[in-house]
Amino acid sequence: MNPSSQTTSTRGSSLVSVQNAYLKKLDSTMKDLTTAYGNLLKSSAVSREKVDNSKENYQLNYFAFNLIESGESLLRMINELKHGILVSDFDSVNENLSQQRKHYSSLVSQTEPQINHLDFEITESILELEAEYFMTT
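What counts and what doesn't
- Residues numbered from 1 in each chain as written.
- Predicted model: local features only at pLDDT ≥ 70, side-chain atom pairs only at ≥ 80, totals over all residues.
- Heavy atoms only, no water.
- Phe/Tyr/Trp six-rings, centres within 6.5 Å; stacked < 30°, edge-to-face > 60°.
- Buried < 20%, exposed > 50% of the residue type's maximum accessible area, 1.4 Å probe, protein only.
- Helix = DSSP H or I, 4+ residues; strand = E, 2+ residues; numbered from the N terminus.
- Expected span 1.5 Å × (residues − 1).
- Bend = angle between axes of the 7 residues up to and from the residue.
- pLDDT = per-residue confidence, 0-100.
- Contact = heavy atoms within 4.5 Å.
- Polar contact = N/O pair within 3.5 Å; in protein donor to acceptor, adjacent residues only side chain to side chain.
- Salt bridge = Lys/Arg side-chain N within 4 Å of Asp/Glu carboxyl O.
- Patch = residues over 30% accessible without salt bridge, like charges linked within 9 Å, V, L, I, M, F, W, Y side chains within 5 Å.
- Areas by Shrake-Rupley, 256 points an atom, 1.4 Å probe, with all protein chains shown as cover.
- Lys, Arg positive; Asp, Glu negative; His and termini not counted.
- Charge placed at Lys NZ, Arg CZ, Asp CG, Glu CD.

Each aromatic ring pair is characterised by the separation of its centres together with the angle its planes make. All told, the structure shown has two aromatic pairs when counted by the stated rule. Judged by centre distance (5.5 Å) and plane angle (65 degrees), the ring pair of Tyr-62 and Phe-63 falls under edge-to-face. Looking at Phe-63, the relative accessible area reads 16%, which means it is buried. Look at Tyr-133 and Phe-134: their rings are 5.5 Å apart centre to centre, the planes differ by 65 degrees, and that puts the pair in the edge-to-face class. Residue classification places Phe-134 among the exposed positions, given a relative accessible area of 57%.

The following block contains the structure:
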């Protein structure tokens, strides 16, 4: 077994463990989010008794805070995933760079003959102008 295949297998198992950790985190965050939303809806039910208003108000604030906290946690996790994809997606970055290099190489091969032709024409024109100039003086 060569060292590169060991590195690849180690990297693969590392990626699987990271993926499993994110899936567990996603599951718990979504569970917290739905629980907070459900509790908020239950607490916001209008009661006929006016005695428990302060308690209900506190519960509403508490469940709304939990809902916001769960939403922020989910947004942070999405941001981490986006950042991870952007930073560690070397294959697509390298492929994109390779395609750009091929494109610019083809542009160079198209423009070099044109530049050489223009150089030849400019040189001929300068020689003609010099000959005219020296003949008139």
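Turning our attention to helix H3 (residues 90–136). Helix length check: H3 (47 residues) gives 66 Å between terminal C-alpha atoms against 69 Å at 1.5 Å per residue, within 8%. A bend of about 25 degrees at Thr-111 is the largest found in H3, and the proline Pro-113 appears one to four places after it.

Glancing now at the confidence of the model for the protein. Should the pLDDT be low somewhere, the predicted coordinates at that spot are not to be read in detail. Scored by pLDDT, the protein has a mean of 81; 83% of the residues are at 70 or more. Least confident of the elements in the protein is helix H1 (residues 3–43), whose mean pLDDT is 75; most confident is H3, at 90. The model gives residues 1–5 a pLDDT under 50, and that stretch makes one contact with residues more than four places away or in other chains.

Okay, the side chain of Thr-29 next. Here Thr-29 is to be found in helix H1. A polar contact of 2.8 Å, which involves the side chain of Thr-29, links it to the backbone oxygen of Lys-25. Not counting residues up to four positions away in its chain, the partners in contact with Thr-29 are Ser-70, Ser-73, Leu-74 and Met-77.

Counting across every chain of the model gives one salt bridge. Residue Lys-25 pairs with Glu-80 through a salt bridge whose shortest N-O separation is 3.7 Å. Of this pair, Lys-25 sits in helix H1 while Glu-80 sits in helix H2 (residues 53–88), and the two are 55 residues apart along the sequence. Looking at Lys-25, the relative accessible area reads 33%, which means it is partly exposed. You can call Glu-80 partly exposed: its relative accessible area is 37%.

On the surface, a cluster of negative charge is contributed by Glu-121, Glu-124, Glu-128 and Glu-132. Tracing the chain through its elements places Glu-124 in helix H3.

On to a nonpolar patch on the surface. On the surface, a nonpolar cluster with roughly 230 Å² of combined accessible area is contributed by Leu-23, Leu-26 and Met-30. Structurally, the position occupied by Met-30 is in helix H1.

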